[in-house]
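Remarks on the overall topology
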Amino acid sequence: MNTDEPGGRIHSSDPFAVPDSEKSAVRRLRGRFAAPVTIWTTPGPGGLTVSSTVVADGDPGRILGLIDEESDFWDAAAQSGRFAVVTLTSADRQLADRFAGLMPSPGGLFAIGDWQDTPYGPVPAGTATWAGCRLESSRECGWALLVEGVIESMSVSDLGTPLVHYRGRYTGLA
């Protein structure tokens, strides 16, 4: 292959990924935990891909997530006091990349696709599973904010093949 030819090349892997040998031990450990891929949205609107999400059963149920405190999502969520958490399927990889800032989003995050407005934030039209949450608390946790929300509304249905993040890549869970 002649590398002097003009034009772009598609890589089979992320050319900007940090090699394992240069990652901290904690980051390498985190990569060994398969994690659900979700998007969190809020009125404003704002949104962010989050793979550090836990659901705590109880009365009321709660959702916890690690959020970048410098994100536009956090600014909007802190102001509105509420957010939606949407589970993604293997068909939603581009959506996950867009909300993670890894893919261009001309016109903004919500310009592509059909969205349903909810009191908690926009959710993709036809989304099978999502939760509407009231912001309960946040605190520093490592290099992120641990955000806790009280689940006030939810829709739960068959998801199809869920999207998970494992060792720096998206994969479908059979």
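Here, every reference points to the structure presented above.
This section reports on the structure supplied with the text. Since the model is a prediction, treat every value here as computed from it, not as a measurement. (Residues numbered from 1 in each chain as written. Predicted model: local features only at pLDDT ≥ 70, side-chain atom pairs only at ≥ 80, totals over all residues. Heavy atoms only, no water.)

What to know about the sheet that holds strand β3 (residues 46–50)
With respect to topology, seven strands assemble into an open sheet ordered β3-β2-β6-β9-β10-β5-β4, the strand pairing being antiparallel. With one partner strand each, in any of the chains shown, β3 and β4 (53–56) form the two edges of the open sheet. Adjacent strand axes in the sheet meet at a mean angle of 30 degrees, parallel and antiparallel pairs treated alike. Both strand β9 (residues 130–141) and strand β10 (residues 144–155) contribute to a ladder of eleven bridges, which runs antiparallel. (Pairing = 2+ DSSP bridges. Helix = DSSP H or I, 4+ residues; strand = E, 2+ residues; numbered from the N terminus. Axes fitted to C-alpha atoms, helices over the stretch in contact; angles between N-to-C directions.)

Examining the packing of aromatic side chains
Per the counting criterion, the structure on display carries six aromatic pairs. Considering the side-chain rings of F73 and F83, the 6.4 Å spacing of their centres and the 80 degrees angle between planes classify their relative orientation as edge-to-face. On the criterion of sequence distance, the pair formed by F73 in helix α2 (residues 72–80) and F83 in strand β6 (residues 82–87) is long-range, its members being ten residues apart. Residues F73 and F83 agree in their burial class; the two are buried. Ring geometry for F110 and W115: centres 4.8 Å apart, planes at 75 degrees, overall edge-to-face. Pairwise contacts between aromatic rings join W40, F73 and F83 into one cluster. (Phe/Tyr/Trp six-rings, centres within 6.5 Å; stacked < 30°, edge-to-face > 60°. Buried < 20%, exposed > 50% of the residue type's maximum accessible area, 1.4 Å probe, protein only.)

Digging into the sheet that holds strand β1 (residues 35–36)
Pairing is antiparallel in the open sheet, where three strands are placed in the order β1-β11-β12. The sheet terminates laterally at β1 and β12 (169–172), the two strands that pair on one side only. Where β1 and strand β11 (residues 163–166) come together, two bridges link them in antiparallel fashion. Considered in β11, the bridge of P36 is made with V164.

Some thoughts on unusual backbone geometry
Omega for the bond connecting G44 with P45 falls within 30 degrees of zero, at -20 degrees, which places this linkage in the cis form. With an omega of 10 degrees, the peptide bond between D59 and P60 qualifies as cis. When you line up the elements, P60 lands in the loop between β4 and β5 (62–67). Not every positive phi belongs to a glycine, and R167 is a case in point at roughly 55 degrees. Take R167: it is sitting in the loop between β11 and β12. Classification of R167 by relative accessible area gives partly exposed; the value is 40%.

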